[in-house]
Amino acid sequence: DAGVIQSPRHEVTEMGQEVTLRCKPISGHDYLFWYRQTMMRGLELLIYFNNNVPIDDSGMPEDRFSAKMPNASFSTLKIQPSEPRDSAVYFCASSLGQGVWSPLHFGNGTRLTVT
Amino acid sequence: GNSVTQMEGPVTLSEEAFLTINCTYTATGYPSLFWYVQYPGEGLQLLLKATKADDKGSNKGFEATYRKETTSFHLEKGSVQVSDSAVYFCALMARQGGKLIFGQGTELSVKP
């Protein structure tokens, strides 16, 4: 079991640049979640998918953020243009089903720094 | 709305000390409650859960009891180890919706 794989582990970019974060969920999992973690706001749910379809994107902060899931084994979170306040650790998580008996499996995160 | 409040960290303890991390929640209905742990440089992992009032979740020497009357789910361990140093997150899942709502996290540092 390879777990949830995120890339890159670290990303440093300049303000105004486009940033793309990538996630490969655990094979067979039908739910995929994107979270953002900051000291000030803690862990925030940005968006989640079920069977590749976005279900709830109410946590996406602005139109600069977009997420896609073109197939069951790949998802991207894109920020365009990036701003310094986007600096955070971004986590992808997946689960088999949704509910109390379906624990989330998190990747190791992408640490984004926007200068 | 639903929310989770945890005691602020960091919490610093000596090895073999007793640990309590407080967690209280606000929710409509009867949520399920969870503790997740995040080790340095890693993502969160489920530590334990409880699905109804008076349930006790336990794992790796940690335990927490779902207290409906005090809307609490405090995490305890009788004797902590250096390897327990991590950030601990309390979370809830409402019956409807199914989204996990996390607390702010509490950093634990255990010194030898």
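Thresholds applied
Residues numbered from 1 in each chain as written. Chains lettered and ligands numbered in written order. Predicted model: local features only at pLDDT ≥ 70, side-chain atom pairs only at ≥ 80, totals over all residues. Heavy atoms only, no water. Disulfide = S-S within 2.5 Å. Helix = DSSP H or I, 4+ residues; strand = E, 2+ residues; numbered from the N terminus. Buried < 20%, exposed > 50% of the residue type's maximum accessible area, 1.4 Å probe, protein only. 1 Å grid on protein atoms, 1.4 Å probe; cavity = no way out; pocket = protein on both sides within 12 Å on 5 of 7 lines; lining within 4 Å. Points joined across faces, edges and corners; volume = space filled by probe spheres on them. Nonpolar A, V, L, I, M, F, W, Y, C, P; charged D, E, K, R; others polar.

Colleague: I'm lost on the state of the cysteines in this one. Help?
Modeller: By definition, a disulfide is the covalent link that joins the sulfur atoms of two cysteine residues. For the structure shown, the criterion picks out two disulfides over all chains. Paired by a disulfide, Cys23 of chain A and Cys92 of chain A hold their sulfur atoms 1.9 Å apart. On the sign convention where negative means left-handed, the S-S torsion of about -65 degrees between Cys23 of chain A and Cys92 of chain A marks this disulfide as left-handed. Here Cys23 of chain A is found in strand 3 (residues 19-24), whereas its partner Cys92 of chain A is found in strand 9 (residues 88-95), with 69 residues between them in sequence. Cys92 of chain A shares its class with Cys23 of chain A; the two are buried. Between the sulfur of Cys23 of chain B and that of Cys90 of chain B lies a disulfide, 1.9 Å long from S to S. Taking the sign of the S-S torsion, about -70 degrees here, the bridge from Cys23 of chain B to Cys90 of chain B comes out left-handed. Taken as a pair, Cys23 of chain B in strand 4 (residues 23-26) and Cys90 of chain B in strand 10 (residues 86-93) lie far apart in primary sequence, 67 residues in all. Relative accessible area serves as the criterion here: at 1%, Cys90 of chain B is assigned to the buried category.

Colleague: Quick question: what am I supposed to make of the layout of surface pockets here?
Modeller: By volume, the largest pocket amounts to about 830 Å³. Lining of the largest pocket is provided by 35 residues; of these, Gln37 and Met39 of chain A together with Gln38, Val87 and Phe89 of chain B occupy positions nearest its centre. Counting only elements with at least two residues in the lining of the largest pocket, the list comes to strand 4 (31-38), strand 9 and strand 11 (110-114) of chain A together with strand 10 and strand 12 (106-111) of chain B. Ranked by residues supplied to the lining of the largest pocket, first place goes to strand 11 of chain A with four residues. When grouped by side-chain class, the residues that make up the lining of the largest pocket number 13 nonpolar, 17 polar and five charged. There is about 190 Å³ of room inside the second largest pocket. If you trace the second largest pocket, you find 13 residues lining it, with Glu44 and Leu45 of chain A together with Lys99, Leu100 and Ile101 of chain B closest to the centre. Of all elements in the fold, only strand 5 (42-50) of chain A together with strand 11 (100-102) of chain B reach the threshold of two or more residues within the lining of the second largest pocket. Of the residues forming the lining of the second largest pocket, the biggest block, five residues, is contributed by strand 5 of chain A. Looking at the lining of the second largest pocket, its residues break down into eight nonpolar, two polar and three charged.

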